[in-house]
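Structural features, examined
What follows is the residue order along each chain.
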Amino acid sequence: MRRAAALVIALGAALLAAPSAHASVREYWVAAVDVDWNMVPNGRDAIGDMMYDASQTVFPTVVYRRYTKGWKKPLRNSPDQDLIPGPLLRARVGDKLRVHFKNSDRSFGRPHSMHFHGVEYKPSSDGSYVPGFSGRDADVKPGQTWTYKLTAGKESAGVWPYHDHSPSMDDSIAGGMYGALSILGRHQRPPDKEFVVIFAPMGQFQTIDGRAFVGNTPVFRSKVGDDVQWDVLAMGSEHHTFHVHGHRWVAPDGTDRDTQTVGPAESFAIRWKEKDPGTWLYHCHVETHMMQGMIGIYRVAR
């Protein structure tokens, strides 16, 4: 009897210690690459009826780009976007993430890193530079690599930013070196459509995902019946207010709303079941920000 009881106790302890059956290890391959970025590719502010020259809208910068295993082949960062923001990294509570990072900055020769909000990790995967304390994770030199080992803990569900936190952080964030980490709850159903909106100032413009003005900012698309998720984040030093025309969502306190403010490095995810076909505007409701470029189009098909 004693041996049987001991066996039951040992088996129970092993089961409790075992990882969740649906947990997995998700691997991503990301590189810092230098590009010439155009904030206003069509050169036009359609609403303000103003034209811009390439000398006002194009600048050299470094961005995150997703790759196949071993950095062999570049991929789009997400189905809707490329280069800015960085890859949309997805996981579920309980998962482990391995983000393999390579610094391929050839134009500037700067160190870079990746620092993640909202997840669990050891100091060697923090990616933030403090002289005298930080390791190679925060100061990845050109040509070098580092693997960040992260865990989506039970409090990690939601949407979180990641960004360069190396000695080059100020220039990097101003130049669009940031992205989003989207983590589902253990039993949460994935959305049919997921859109990433990152508000950030860039030069003389206010941008959404590195672009300014209708015709340049992302055109997001869904259809009636889709479960739609908006991942909204802010980078830089300003506050922004997210708004989608003709739509509302339920806040955590149970009230309906159609605007929500987001501050530097803050983030939130909102969902709704789409039922309103047509062409709608989404934008920052800080009026000066909207007029400087923070406005885009959302199209819902029947």
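Residues numbered from 1 in each chain as written. Predicted model: local features only at pLDDT ≥ 70, side-chain atom pairs only at ≥ 80, totals over all residues. Heavy atoms only, no water.

Some thoughts on the sheet that holds strand E19 (residues 267-273)
- Taken in spatial order, the four strands of this open sheet run E12-E11-E14-E19, and their pairing is mixed. Among the strands making up the open sheet, the edge pair consists of strand E12 (205-208) and E19. Across the sheet, the mean angle separating the axes of adjacent strands is 20° when strand polarity is ignored.
- Relative to E12, strand E11 (residues 193-202) runs antiparallel, the two sharing four bridges. By the bridge assignment, Pro 201 is partnered in E12 with Gln 206. (Pairing = 2+ DSSP bridges. Helix = DSSP H or I, 4+ residues; strand = E, 2+ residues; numbered from the N terminus. Axes fitted to C-alpha atoms, helices over the stretch in contact; angles between N-to-C directions.)

Comments concerning the pairing of strand E6 (residues 96-104)
- Alignment of strand E1 (residues 25-38) against E6, held across nine bridges, turns out to be parallel. Within E6, the residue paired with Ala 31 across the bridge is Lys 102.
- Note: E6 against strand E8 (residues 145-151), seven bridges, orientation antiparallel. Residue Arg 98 lies in a different strand from E8, and its bridge partner there is Lys 149.

Considerations on the nonpolar core
- Within the largest apolar cluster, 27 residues are counted, with the highest numbers of intra-cluster contacts made by Trp 37, Met 39, Tyr 178, Met 202 and Phe 205.
- When residues of this core are traced back to their parent elements, those giving at least two are E1, strand E4 (58-67), strand E10 (178-184) and E11.
- For this core, the element with the most residues is E1, which contributes five residues.
- With near-sequence residues (within four places) excluded, Phe 205 lies in contact with Met 39, Val 40, Tyr 52, Gln 56, Thr 57, Ala 212, Phe 213 and Gln 292.
- Counting 22 residues, the second largest nonpolar core, distinct from the first, contains Leu 89, Val 119, Val 140 and Met 177. (Core = buried A, V, L, I, M, F, W, Y, C linked by side-chain atoms within 4.5 Å. Buried < 20%, exposed > 50% of the residue type's maximum accessible area, 1.4 Å probe, protein only. Contact = heavy atoms within 4.5 Å.)

Examining unusual backbone geometry
- Residues Ile 84 and Pro 85 are joined by a peptide bond in cis, for which omega reads 0°.
- Along the chain, the position of Pro 85 falls in the loop between E4 and strand E5 (89-92).
- Unusually for a residue other than glycine, Leu 83 sits at a positive phi of about 75°.
- Position of Leu 83 among the secondary structure elements: in the loop between E4 and E5.
- Not every positive phi belongs to a glycine, and Phe 213 is a case in point at roughly 80°.

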